[in-house]
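Residue strings, one per chain:
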Amino acid sequence: MIKIAPSILSADFANLGKDILDVEQGGADYIHIDVMDGHFVPNITIGPLIVEAVRPITKLPLDVHLMIENPDAYIADFAKAGADIISVHVEACRHLHRTIQHIKSQGVKAGVVINPATPVESIIPILNDVDMVLLMTVNPGFGGQAFIHDVLPKIKQVASLAEERGLSIDIEVDGGVNPETAKLCVDAGANVLVAGSAIYNKEDRKQAISSIRSNLS
Ligand code: DX5
Ligand code: ZN
């Protein structure tokens, strides 16, 4: 079962509630929330306050992607605000096992993220401990960038490692996902697709979600 996680980074923030309901009714599986601090990435976006405001308006799991330095300092705040999944970048964690344990101790699912140029080898030691691996298919920071095709073999690599070890981890991709690239990702082994501009830049979000799904089979 392939899950679709619209990224609210491309939503209309003056009408965020409406834009979240729109994708929920349009068949989304998660709401992907991009948290940026202006240090780890060159952009500043959402804090726990927005996650807390969004929590009561949707039944969908909130998939919180932390693109921040020192994520440990904010994990409890995001969990308390209502995150269901919290993902941290391997490039931002000095003590990755400690950080992943910290996320789990808050009662939420834990994900680890790698940038396009970071090798899969960097997350092998943590694979047994995470619920999800997120492979960035753009360099994080902005919506609407072009998909980096060199990540496709990395998706395959994570999928076969998970299979070898009998792990049922989710494999998520994020960045430049549209109906064409979604198919490439799913064929490589991804099962959670983040899409920002491919959904929110379309007038009919339900149609945008269906056209991603219908291109997969
Ligand atoms: C990029 C963010 C993505 C972004 C994806 O830094 O992590 O979640 O919103 O946007 P699109 O789908 O437009 O590439
Ligand atoms: Zn993201």
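Residues numbered from 1 in each chain as written. Chains lettered and ligands numbered in written order. Predicted model: local features only at pLDDT ≥ 70, side-chain atom pairs only at ≥ 80, totals over all residues.

Under an unreviewed UniProt entry, the name given to the chain is Ribulose-phosphate 3-epimerase, and the organism recorded is Sutcliffiella horikoshii. In its Function (unreviewed entry) section, UniProt records this for the chain: "Catalyzes the reversible epimerization of D-ribulose 5-phosphate to D-xylulose 5-phosphate." Under Catalytic activity (unreviewed entry), UniProt gives the following word-for-word description of the chain: "D-ribulose 5-phosphate = D-xylulose 5-phosphate". (UniProt positions renumbered as here; feature names shortened; annotations may be inferred.)

Q: Help me out: how do you make sense of the UniProt feature "binding site: a divalent metal cation" (unreviewed entry) in the chain in this one?
A: In this numbering, the UniProt entry assigns the feature "binding site: a divalent metal cation" (unreviewed entry) to His32, Asp34, His65 and Asp174. Annotated residues spanning 143 residues; largest pairwise C-alpha distance 10.5 Å, indicating a single compact cluster. Structurally, Asp34 is set in strand β2 (residues 31-36). Note on Asp34: 24 C-beta atoms within 10 Å, which makes it buried. With residues up to four places along the chain from it excluded, the contact list for Asp34 reads Ser7, Leu9, Thr45, Ile46, His65 and Met67. Along the polypeptide, Asp174 turns up in strand β7 (residues 170-174). For Asp174, a count of 26 C-beta atoms within 10 Å gives the class buried. Setting aside residues no more than four positions away along its own chain, Asp174 makes contact with His65, Leu134, Met136, Thr137 and Val194. (Helix = DSSP H or I, 4+ residues; strand = E, 2+ residues; numbered from the N terminus. Buried ≥ 20, exposed ≤ 12 C-beta atoms within 10 Å, placed from the backbone. Contact = placed C-beta atoms within 7 Å.)

Q: Got a minute to help me understand the UniProt feature "active site" (unreviewed entry) in the chain in this structure?
A: According to UniProt, the "active site" (unreviewed entry) feature falls on Asp34 and Asp174. These annotated residues cover 141 residues of sequence, and their C-alpha atoms all fall within 10.5 Å of one another, placing them together at a single site.

Q: Please explain the site of ligand 1 as it appears in this structure.
A: If you check the shell around ligand 1, you find 22 residues, and the closest are Ser7, Leu9, Pro140, Gly196 and Ser197. Of all the secondary structure elements, the ones that give two or more residues to the shell around ligand 1 are β2, β8 (192-195) and α7 (197-200). Partitioning the shell around ligand 1 into residue classes produces 8 nonpolar, 12 polar and 2 charged. (Near = placed C-beta within 6 Å. Nonpolar A, V, L, I, M, F, W, Y, C, P; charged D, E, K, R; others polar.)

Q: How should helix α5 (residues 152-165) be read in this particular structure?
A: Count 3.6 residues to each turn of an α-helix, and residues three or four apart come out pointing the same way. Under the 1.5 Å per step criterion, the end-to-end length of α5 is 20 Å for 14 residues, consistent within 8% with the ideal 20 Å. For α5, the complete set of buried residues consists of Leu152, Lys154, Ile155 and Val158. Within α5, the buried residues cover an arc of 165° as seen down the axis, which keeps them to one side. Among the exposed residues of α5, those oriented more than 90 degrees off its buried face are Pro153, Ser160, Glu163 and Glu164. For α5, the secondary structure elements touched by its buried residues are β6 (132-136), β7 and α6 (179-188). (Expected span 1.5 Å × (residues − 1). Arc of directions from axis to C-beta.)

Q: It is not clear to me how the sheet that holds strand β4 (residues 85-89) should be interpreted in this structure. Could you clarify?
A: The strands making up a sheet are joined through hydrogen bonds of the backbone, oriented either antiparallel or parallel. Overall, parallel pairing links the 8 strands, which are arranged β1-β8-β7-β6-β5-β4-β3-β2 in an open sheet. With one partner strand each, in any of the chains shown, β1 (3-6) and β2 form the two edges of the open sheet. If you compare each strand with its neighbour and ignore which way they point, the axes differ by 25° on average. Bridge count between strand β5 (residues 109-114) and β6: 4 bridges; the pairing is parallel. Residue pairing across strands places Ile114 opposite Leu135, the latter belonging to β6. (Pairing = 2+ DSSP bridges. Axes fitted to C-alpha atoms, helices over the stretch in contact; angles between N-to-C directions.)

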